[in-house]
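Examining the three-dimensional arrangement
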Amino acid sequence: MKLSKELVLQAKATFGTPTYLYDEAVLRSSFNELRDALPDCVDIFYALKVNPNLSLVKLIRSYGGNTEVCSLGELEIALKAGVAPQDIIFLGPYKKPEEHRRALEVGVYAIVVESETELRALSALAGSLGCTAPVAIRINPNFSASGSPWKMGGRPTHFGIEEDTAVANFGQYLALPHLHIKGIHVYNGTKILDAQSVYDNASYILDLYRNLTLRYDLDLSMVDVGGGLGIKYYENEKELDTRQLKQLLAPLFDSFHRQFPRTRIIVESGRFVAGKCGALLVTVDNIKHNHGKTFAVTDGGTNCHGAAAGSGQVLKRNFRIVHATGGNGAPLREYHISGPLCSPDDLLGRDVRIETLSEGDLLAVTASGAYGPTASPTLFHSHGHPAEVIVSHGRLFLARARQTALEIRDSHADVALDDMLAAPASAPAASSAPGVTASGATQAQLIEILRVVLKLPASTEVRADSHLRDHLGLDSLTSMELLVSLEDEIEGFFVNPDTIAPGHFNTVTTLAQYIDANRQNAPETASQGQPEVQYEPV
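Remember, it's a predicted structure, so these values are computed and weren't measured experimentally.

**Things to note about the overall build of the chain**
- Along the backbone of the chain there are 15 helices and 22 strands.
- Here the chain has a C-alpha radius of gyration of 25 Å; the compact-globule value for 538 residues is 24 Å, and the two agree.
- When its C-alpha atoms are laid out on the principal axes, the chain stretches across 70 × 70 × 65 Å.
- Looking at the chain as a whole, 51% of its 538 residues are labelled buried.
- Sequence separation of at least 24 residues holds for 70% of the intrachain contacts in the chain that already meet a minimum separation of 6.
- Across the chain, the mean location of the 47 positive side-chain charges is 5 Å away from that of the 62 negative side-chain charges.

Rendered as structure tokens:
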């Protein structure tokens, strides 16, 4: 988004900081870019999880977008934004009974069922309510999106029903009472920047739909091919080529539509639609030098923008951060840009090269329209939710007010001290789990993969204690390539984003230990009963 100095100063004066700014023109342009890349027979469903701001959802609906929701809260936002229930699908690996009930009550287009347990429960609930539940079966396919750094299908995850199981049992699903099974849903991965990968993913899902209809002689009416379209966040990334995407997807979807003219084709998109329209505006409070680094301390950090701070990521890279009140030709300097939290990880950017900063300057973290406050620990240190503002035709509209200290305080129940002290207390028992040590075979295979990914000369000696970064030159870019290669080359191994941490990348041995600990079928050569080295997740 384009940020003029006058605009950000007006936003600061009116709403303070930290504040998210969402540019309506950029939002509309992104939606239209995707709309142009898809044929008319495809419907776009905006994923509220990336940004459920009510005003944003209203705008996207006005452009022709539908909605995908994952909670009762998101469903109510979509309805209030004016989205017709028949343009809403409800996802999620766990849905509360009241969520099922409300979805049936308002008449959403489809409840995407992610387990056989949920399918049976929904059948019983619909029967008790005297209605028929519209259902799509989410399938975890035997295919993985090659261009996605965050794979959600084709590997062990808690999403959907395994493809072989779903295909074999589909007849049983059809026989359950009070259900109308409309079709299938597959979501394979996210942050995809390669058009060919998007095509391969969609093609596989459409073929899966064809095979199911032929096997069971079905007349289904819905296929959701997911989405996962990414945007550029980092310097070494390229934007998704939507022209190539159109060339690939138009004939694919048009051919499918001719074969199944009554089937609603759905593409989900959250990040691509909303990501580029937003920026987090923060104020530099103080600048200081500590042990060879210069820090610019701001009023918004991980608590406002966990994604920019690298929350949940092993390899932390900088979003593009601009000096919103700069542009005066001042020399460039390097800063660690931090937030207000008492946490060493509260860094929006590391070694950010930017115009010389002064106290009171405004910075903008760009590409922040998706997974901003909705994916951040806004209550950490009880700072509260930042303000959110729509920018349209040079005007500013408050779309969500900043959460105040008294609002946060009053959200707590004030339990009487005497009542708490009178209650018995018990401490949970500690538990521990055995770990594994790395097998020699895993280390040897890892060394060969490292040689290929890092293009190491044959003369380079790689030992079990070789340091991956200091000795072998592993960096953030090649680390991502390495993880993809490890999943492709090592049978049964999948990266678990909840457990992998920077410490696993210290040496060949530490990474091999992680690989063996996370293989679906651990090799018999692994030694059991020895404690695994533990690293604090990031």
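**Here's the deal with the pattern of salt bridges**
- Summed over the entire model, instances satisfying the criterion amount to 19 salt bridges.
- Between Arg102 and Glu76 there is a salt bridge, and its shortest N-O distance comes to 2.7 Å. A residue pair is termed long-range when its members are at least 10 positions apart, and Arg102 in helix H5 (residues 97–106) and Glu76 in helix H4 (residues 72–80) qualify at 26 residues.
- The residue Asp87 makes a salt bridge to Arg264 at a minimum N-O spacing of 2.8 Å. One end of the pair, Asp87, is in the loop between H4 and strand E4 (88–90); the other, Arg264, is in strand E12 (residues 264–269), and 177 residues separate them in sequence.
- On the accessibility criterion, Arg264 (16% relative accessible area) is buried.
- Here the salt bridges share partners, and the residues they tie into one network are Asp43, Arg61, Asp87 and Arg264.

**Observations concerning unusual backbone geometry**
- For the peptide bond that leads from Thr17 to Pro18, omega is 0°, which places it in the cis range.
- Take Pro18: it is sitting in the loop between helix H1 (5–15) and strand E1 (19–23).
- Notably, Ser382 is not glycine yet its phi reads approximately 55°, a positive angle.
- Following the sequence through the fold, Ser382 ends up in the loop between strand E18 (362–365) and strand E19 (387–392).
- Residue Ser382 is classed as partly exposed on the basis of its relative accessible area, which comes to 42%.

**Concerning the packing of aromatic side chains**
- For the coordinates displayed, the defined rule picks out 11 aromatic pairs.
- Seen in terms of ring centroids, Tyr20 and Tyr22 are 6.1 Å apart; in terms of plane orientation they differ by 25°. Their pairing is stacked. Like Tyr20, the residue Tyr22 is buried in the burial classification.
- Arranged with centres 6.0 Å apart and planes meeting at 75°, the rings of Tyr234 and Phe319 form a pair that is edge-to-face. One end of the pair, Tyr234, is in the loop between strand E11 (222–224) and helix H9 (242–259); the other, Phe319, is in the loop between strand E14 (293–298) and strand E15 (321–323), with 85 residues separating them in the sequence.
- Classification of Tyr234 as buried rests on a relative accessible area of 4%.
- Under the relative-accessibility criterion, Phe319 is labelled buried at 6%.

**Overview of the nonpolar core**
- Counting 98 residues, the largest nonpolar core has Val135, Ile137, Ile184, Val223 and Phe253 as the members making the most contacts within it.
- When residues of this core are assigned to their parent elements, the largest contribution, eight residues, is made by helix H8 (residues 195–216).
- Residues within four places of Ile137 in sequence aside, it is in contact with Val113, Leu119, Ile161, Phe170, Tyr173, Ile181, Gly183, Ile184 and His185.
- Grouped together as the second largest cluster of nonpolar side chains are 24 residues, Leu456, Leu486, Val508 and Leu511 included.

**Brief notes about the side chain of Glu74**
- When you line up the elements, Glu74 lands in helix H4.
- Buried Glu74, no salt bridge; nearest opposite-charge side chain is Lys49, N-O distance 6.3 Å.
- Not counting chain neighbours up to four residues away, the residues in contact with Glu74 comprise Leu48, Lys49, Glu68 and Val69.

**Comments concerning the pairing of strand E6 (residues 133–140)**
- Burial analysis of E6 places eight of its eight residues in the buried class, which makes it a mostly covered element.
- As defined by bridge partners, strand E5 (residues 110–113) adjoins E6 across three bridges and the pair is classed as parallel. Paired with Val112 across the two strands is Ala136, which belongs to E6.
- Considered for its hand, the β-α-β crossover made up of E5, helix H6 (residues 116–129) and E6 is right-handed.
- As paired strands, E6 and strand E9 (residues 179–185) are joined by six bridges and run parallel to one another. Residue pairing in the sheet places Ala133 in a bridge with Leu179 of E9.
- Of the pairings in the sheet, the one linking E6 to strand E8 (residues 161–162) comprises two bridges and is parallel in character.

Reading guide: rules and limits
Residues numbered from 1 in each chain as written. Predicted model: local features only at pLDDT ≥ 70, side-chain atom pairs only at ≥ 80, totals over all residues. Heavy atoms only, no water. Helix = DSSP H or I, 4+ residues; strand = E, 2+ residues; numbered from the N terminus. Rg over C-alpha atoms; globule rule 2.2 N^0.38 Å. Buried < 20%, exposed > 50% of the residue type's maximum accessible area, 1.4 Å probe, protein only. Contact = heavy atoms within 4.5 Å. Lys, Arg positive; Asp, Glu negative; His and termini not counted. Charge placed at Lys NZ, Arg CZ, Asp CG, Glu CD. Salt bridge = Lys/Arg side-chain N within 4 Å of Asp/Glu carboxyl O. Phe/Tyr/Trp six-rings, centres within 6.5 Å; stacked < 30°, edge-to-face > 60°. Core = buried A, V, L, I, M, F, W, Y, C linked by side-chain atoms within 4.5 Å. Pairing = 2+ DSSP bridges. Right-handed = clockwise from strand over helix to strand, strands pointing away.

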